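Topology and contacts: notes
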Amino acid sequence: GKSEVSLSRFSSCIMLVAYASYLFFQLKSQRSLYSPIGEEEESTEDEEDEKEIAQGEAISWLFVLTIWISILSGYLVDAIQGASESLNMPLAFISVILLPIVGNAAEHASAIMFAMKNKLDITLGVAIGSSTQISMFVDSILCGNWLDDGGRDGLELSIV
């Protein structure tokens, strides 16, 4: 009933505060802990890590690619609805289970690429950051049941 939803939302808020604290710790208060080891020595030796594009150009590309991804996301939503109907699979299963598995493939590929270049700090950052983001942010939204309070007990997934 109401007490379960209240408890779920309270624990969701605790996880969101923990995630925000983690971000603050990593990005602001203890930034030196997350810088690469021996960064001062490598900066003179490696010419490979020089800036390839200017900051303004990077921001422009980020803006253009964000618009492009938002357009492609609309096509993806339509394709998922069509696939759900043609394969007789629930839309929730495709969007909550299959889509994140496929979506993480690019993230895993970048982690492997950085590992092959001996950039262990970036590789661990991608792996740990991804799992932390899912466990603290996404789970808190799902567990809190913020999006739907219409009589259901949480997110229902039925495969059949």
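As named in an unreviewed UniProt entry, the chain is Sodium/calcium exchanger membrane region domain-containing protein, taken from Aegilops tauschii subsp. strangulata. As its UniProt record puts it under Subcellular location (unreviewed entry), the chain is described as follows: "Endomembrane system".

Here we come to helix 1 (residues 2-29). The first and last C-alpha atoms of helix 1 sit 38 Å apart over 28 residues, in line with the 40 Å expected at 1.5 Å per residue. Within helix 1, the full set of buried residues consists of Ser8, Ser12 and Tyr19.

Glancing now at the environment of Tyr22. Residue position: Tyr22 is located in helix 1. Taking the C-alpha atoms as reference, Tyr22 lies 10.0 Å from Gln133; in sequence the two are 111 residues apart. In this structure, Tyr22 is in contact with Ile128 and Thr132, ignoring residues within four places of it in sequence.

Moving on: the side chain of Ser84. Along the chain, the position of Ser84 falls in helix 3 (residues 55-87). Ignoring sequence-local partners within four residues, the contact set of Ser84 consists of Met89, Pro90, Leu91 and Ile94.

Here we come to the packing of helix 3 against helix 4 (residues 91-116). At their nearest, the axes of helix 3 and helix 4 sit 9 Å apart, and the two run at 120° to each other. The pairing of helix 3 with helix 4 is recorded here as oblique in orientation. Of the two elements, helix 3 crosses helix 4, and the hand of that crossing is right-handed. For the pair helix 3 and helix 4, contact is made by Leu76, Ile80, Gln81, Ala83 and Ser84 and by Leu91, Ile94 and Leu99, respectively. For the contact of helix 3 with helix 4, the per-class residue count stands at 6 nonpolar, 2 polar and no charged.

Let's shift gears to unusual backbone geometry. One non-glycine residue, Asn88, lies in the positive phi region at around 55°. Within the fold, Asn88 resides in the loop between helix 3 and helix 4. Residue class for Asn88 comes out exposed when judged on its relative accessible area of 66%. Of note, the phi angle at Asn118 is positive, near 60°, even though the residue is not glycine.

Quick notes on the rules
- Residues numbered from 1 in each chain as written.
- Predicted model: local features only at pLDDT ≥ 70, side-chain atom pairs only at ≥ 80, totals over all residues.
- Heavy atoms only, no water.
- UniProt positions renumbered as here; feature names shortened; annotations may be inferred.
- Helix = DSSP H or I, 4+ residues; strand = E, 2+ residues; numbered from the N terminus.
- Expected span 1.5 Å × (residues − 1).
- Buried < 20%, exposed > 50% of the residue type's maximum accessible area, 1.4 Å probe, protein only.
- Contact = heavy atoms within 4.5 Å.
- Axes fitted to C-alpha atoms, helices over the stretch in contact; angles between N-to-C directions.
- Parallel < 35°, antiparallel > 145°, perpendicular 65-115°, else oblique.
- Left-handed = near helix turned anticlockwise from the far one by under 90°.
- Nonpolar A, V, L, I, M, F, W, Y, C, P; charged D, E, K, R; others polar.

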